[in-house]
Amino acid sequence: MPVKIHKEKIINIIDNNGTPEEKLQKICDYLKQEVRYYDWVGFYFRNGNKEELKLNCFAGEPTTHIIIPFGKGICGQVANSNENFIVQDVSQQDNYISCGWQVKSEIVIPIFIDGQNIGQIDVDSHTLNPFTEKDTELLEFVCQEVSKLNLIPIV
Ligand code: SME
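Attention here is on the structure that accompanies the text.

Calculation rules
- Residues numbered from 1 in each chain as written.
- Predicted model: local features only at pLDDT ≥ 70, side-chain atom pairs only at ≥ 80, totals over all residues.
- Heavy atoms only, no water.
- Salt bridge = Lys/Arg side-chain N within 4 Å of Asp/Glu carboxyl O.
- Helix = DSSP H or I, 4+ residues; strand = E, 2+ residues; numbered from the N terminus.
- Buried < 20%, exposed > 50% of the residue type's maximum accessible area, 1.4 Å probe, protein only.
- Expected span 1.5 Å × (residues − 1).
- Contact = heavy atoms within 4.5 Å.
- Pairing = 2+ DSSP bridges.
- Axes fitted to C-alpha atoms, helices over the stretch in contact; angles between N-to-C directions.
- Parallel < 35°, antiparallel > 145°, perpendicular 65-115°, else oblique.
- Left-handed = near helix turned anticlockwise from the far one by under 90°.
- Nonpolar A, V, L, I, M, F, W, Y, C, P; charged D, E, K, R; others polar.
- Polar contact = N/O pair within 3.5 Å; in protein donor to acceptor, adjacent residues only side chain to side chain.

Quick word on the pattern of salt bridges
Okay, step 1: In this structure the tally under the stated criterion is four salt bridges.
Okay, step 2: Between Glu 8 and Lys 4 there is a salt bridge whose closest N-O contact spans 3.3 Å. On the criterion of helical spacing, the pair formed by Glu 8 and Lys 4 is a turn pair, its members being four residues apart in helix H1 (residues 3–15).
Okay, step 3: The exposure class of Lys 4 is exposed, given its relative accessible area of 62%.
Okay, step 4: As a salt-bridge pair, Glu 145 and Lys 148 come within 2.7 Å of each other at their nearest N and O atoms.
Okay, step 5: A relative accessible area of 58% means that Lys 148 is categorised as exposed.

Here it is, written out as structure tokens:
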């Protein structure tokens, strides 16, 4: 994967005009379109003071999982652990919320502002075992850039 090119494009989206919401949507659309095995890309943020995540924007099939309680599924576990979670085969995960039979793997990377876990990027793939350290590098970069946006109206 051409991580350098993807990073440049992400910087471009962040630096260009638009509201934070529009930029998040552009990032979802870009990643889904450009990375062959990214079949669903979305951002979840903490829902106010509640112990739950709320879906902000996404690219891919609509999901019914708009709200996810902390601790539930891959996303909810990352809300508690503050750590990256890479699942190369979702059938091996007990605490997993299915977003469709086609999804085989998932990667979730937390977003921090001043050391606080405020949300995450979630990528689903229809491919088994697709993720490498390059995905982690790219998605951690995306989260760092997103944390620079004025997200206060969103989170
Ligand atoms: N699979 C996720 C739920 C969100 S969807 O992937 C859009 C999970 O287990 O938390």
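A closer look at helix H4 (residues 133–146)
Okay, step 1: The first and last C-alpha atoms of H4 sit 20 Å apart over 14 residues, in line with the 20 Å expected at 1.5 Å per residue.
Okay, step 2: Of all the residues in H4, the buried ones are Asp 135, Thr 136, Leu 138, Leu 139, Phe 141, Val 142, Cys 143, Glu 145 and Val 146.
Okay, step 3: Where H4 is buried, its residues touch H1, helix H2 (20–34), strand E1 (40–46), strand E4 (85–87), strand E5 (105–113) and strand E6 (116–125).

A look at the pairing of E6
Okay, step 1: Within E6, nine of the 10 residues are buried, which leaves it mostly tucked inside the rest of the structure.
Okay, step 2: The pairing of E1 with E6 spans six bridges and is classified as antiparallel. Its bridge partner lying in E6, Gly 42 is registered against Asp 122.
Okay, step 3: Here E5 runs beside E6; their pairing, made up of nine bridges, is antiparallel. By the bridge assignment, Phe 112 is partnered in E6 with Asn 117.

Some words on the packing of H2 against H4
Okay, step 1: Running from N to C, H2 and H4 cross one another at 165°; their axes reach a closest spacing of 12 Å. Accordingly, the angle class assigned to the pair H2 and H4 is roughly antiparallel. H4 is crossed by H2, and the crossing has right-handed handedness. Counted together, Leu 24, Ile 27 and Leu 31 of H2 and Leu 138, Leu 139, Val 142 and Val 146 of H4 form the full contact between these two elements.
Okay, step 2: Here the contact of H2 with H4 is built from residues that sort into seven nonpolar, no polar and no charged.

Some thoughts on the environment of Trp 40
Okay, step 1: As for its position among the elements, Trp 40 is in strand E1.
Okay, step 2: What makes Trp 40 buried here is its relative accessible area of 6%.
Okay, step 3: Among all residues touching Trp 40, those that are not within four sequence positions of it are Leu 55, Phe 58, Ala 59, Gly 60, Glu 61, Thr 63, Asp 122, Val 123 and Asp 124.
Okay, step 4: Of note is the side chain of Trp 40, whose polar atom sits 2.9 Å from the backbone oxygen of Glu 61.

Details of the pairing of E1
Okay, step 1: With respect to burial, E1 is a largely interior element, six of its seven residues being buried.
Okay, step 2: Judged from the six bridges that link them, E1 and strand E2 (residues 52–59) form a sheet pairing that is antiparallel. In the strand pairing of E2, Phe 43 is matched with Cys 57.
Okay, step 3: Between the end of E1 and the start of E2, which pair antiparallel, lie five residues, with Gly 48 showing a positive phi angle near 60°.

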